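Overview (structure and organization)
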Amino acid sequence: MPTPVDIAPARGKLGVLLVGLGAVSTTTIAGVLAVRNGIAKPIGSLTQMGTVRLGKRTENRSPKISDVVPLSSLDDLVFGGWDIFEDDCYAAARTAGVIEPALLDQVRPELEKIRPWPAVFDQRYVKRLDGPNVKKGKNKKDLAEQVIADITRFKADHHLDRLVMVWCGSTEIFATESAAHQTIESFERALEANDADIPSSMVYAYAAIREGIPYANAAPNLTADIPALVELAAKTGSPLAGKDLKTGQTLLKTIIAPGLKARLLGVEGWYSTNILGNRDGEVLDDPESFKTKEESKKSVLDYILQPQLYPDLYKDLCHVVRINYYPPRGDNKEGWDNIDLVGWLGYKMQLKINFLCRDSILAAPIVLDVALFLDLAKRATMHGIQEWLSFYFKSPVHAPGLYPEHDLFIQLMKLKNTLRYLKGEELITHLGREYYD
Ligand SMILES: NC(=O)c1ccc[n+]([C@@H]2O[C@H](COP(=O)([O-])OP(=O)(O)OC[C@H]3O[C@@H](n4cnc5c(N)ncnc54)[C@H](O)[C@@H]3O)[C@@H](O)[C@H]2O)c1
């Protein structure tokens, strides 16, 4: 048997720091409170409902994941966060309009206690937003110190044992790596010089990572996925995950595309369009924020279908992604996909998918799982990029020179094998010859 990894127990309280108390964050927090109070079930969450098979098929051992690895219990979670609006979590959840008021009212007192701290915000990175609850500082380094002071105070006030941070803020404008992002020194100099290449999200990421706090990015913008912050994470022991939660249309894409490829069915075109009416939709209506999202959504098919290996099937694939802001729909996004397929002898077929989903209902269990698994990674001293959490993201962060794994089923196998590895259980290869020997 392999040796289990030493994992510190999940003792005491875990502080979950959420940047941006919008639709995703409030749906996560209200959901956890509802589950904790026995009012609802944590559907969609692997940490709460998932199982993992251990050993041979004949052993019939499929315990709950939460019984295999030591995860923090929902009762031990304490939420805190920042937003540019002053609304407490109850008011913000009402504005988001995802969870119905009758359910929210049952956890209202607990939600009202969560009031956002002033945010690090600069409108140049999110053009469609502006709000009053914003920090002032000498420069970005000073703002990062203020974020660290918020975290330190929160930890002391609630007697927290450990912390994790998840960026659930709005999608910032498209950015690429620059000289400022290359080393810890260049990054810290850029913070002091108020360099425009450091968006608000990086200020929070820096603060968390400097403190050795696990950090995940739920949005597609460039934050911790730069050499300077990966280097800092290695130094401070901070696990990293991201980016862009894989929820509606992309989730389905990464379920269906591997199936089509497995049967060597060609794809000539994949047209994806969405209508969305929440604040996220409004922010994404700005072309610069949309570009960040588009890049994230579009990379998926290329990696899954591997046109370089299967030129006859996927070389000329035309992949189009659109998001249209349509206020009447609120958080209940509707996605349409038209897939033009090619079969035996080049005969053409079409597949149409109409997904009437609820964006934040799909996102909330992911935020919970990522927070709990990152805390587990920290206690197991697994630092830096956590590729086994790719399962949850549209643009999984990965080591330089490696291509990201997008196939949902390979991602799940990677995640569960990581749990087996942590516990010193045999990894499952699905070879299965032993049953016939
Ligand atoms: N819901 C999903 O299915 C899904 C999937 C993938 C990614 N995401 C991403 O998650 C993020 C959150 O989505 P949402 O639906 O909750 O959006 P939202 O607009 O409801 O919430 C975002 C919140 O972040 C706040 N904010 C923006 N910049 C901030 C800053 N610098 N500091 C503190 N707060 C800040 C906003 O005021 C807002 O309250 C978005 O970037 C979105 O693209 C969501």
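Attention here is on the structure that accompanies the text.

Parameters at a glance
- Residues numbered from 1 in each chain as written.
- Predicted model: local features only at pLDDT ≥ 70, side-chain atom pairs only at ≥ 80, totals over all residues.
- Heavy atoms only, no water.
- Buried < 20%, exposed > 50% of the residue type's maximum accessible area, 1.4 Å probe, protein only.
- Helix = DSSP H or I, 4+ residues; strand = E, 2+ residues; numbered from the N terminus.
- Salt bridge = Lys/Arg side-chain N within 4 Å of Asp/Glu carboxyl O.
- Polar contact = N/O pair within 3.5 Å; in protein donor to acceptor, adjacent residues only side chain to side chain.
- Contact = heavy atoms within 4.5 Å.
- Pairing = 2+ DSSP bridges.

Within helix α9 (residues 200-210), 10 of the 11 residues are buried, which leaves the element mostly enclosed by the surrounding structure. Following α9 by one or two positions, Gly212 adopts a phi angle in the positive range, close to 75°.

With that settled, the discussion passes to the pattern of salt bridges. Applying the stated criterion across every chain, the model contains 22 salt bridges. Between Glu425 and Arg61 there is a salt bridge, with the nearest N and O atoms lying 3.1 Å from each other. One end of the pair, Glu425, is in the segment after α16 (408-422); the other, Arg61, is in the loop between α2 (46-49) and α3 (65-68), and 364 residues separate them in sequence. The network of salt bridges with common partners includes Lys141, Glu145, Glu192 and Arg210.

Along the polypeptide, Asn417 turns up in helix α16. What makes Asn417 buried here is its relative accessible area of 15%. Side chain to side chain, Asn417 and Arg420 meet in a polar contact 2.9 Å long. With residues up to four places along the chain from it excluded, the contact list for Asn417 reads Leu427 and Ile428.

All right, on to the pairing of strand β7 (residues 266-276) then. Of all the 11 residues making up β7, 9 are buried; the element is thus mostly covered by neighbouring parts of the structure. Here 9 bridges tie β7 to strand β9 (residues 334-342), and the two strands are oriented antiparallel to one another. From the neighbouring strand, Asn274 faces β9, where its bridge partner is Gly335. Two elements, β7 and strand β8 (residues 318-325), share 8 bridges in a ladder whose sense is parallel. If you follow Gly269 over to β8, its bridge partner there is Cys318.

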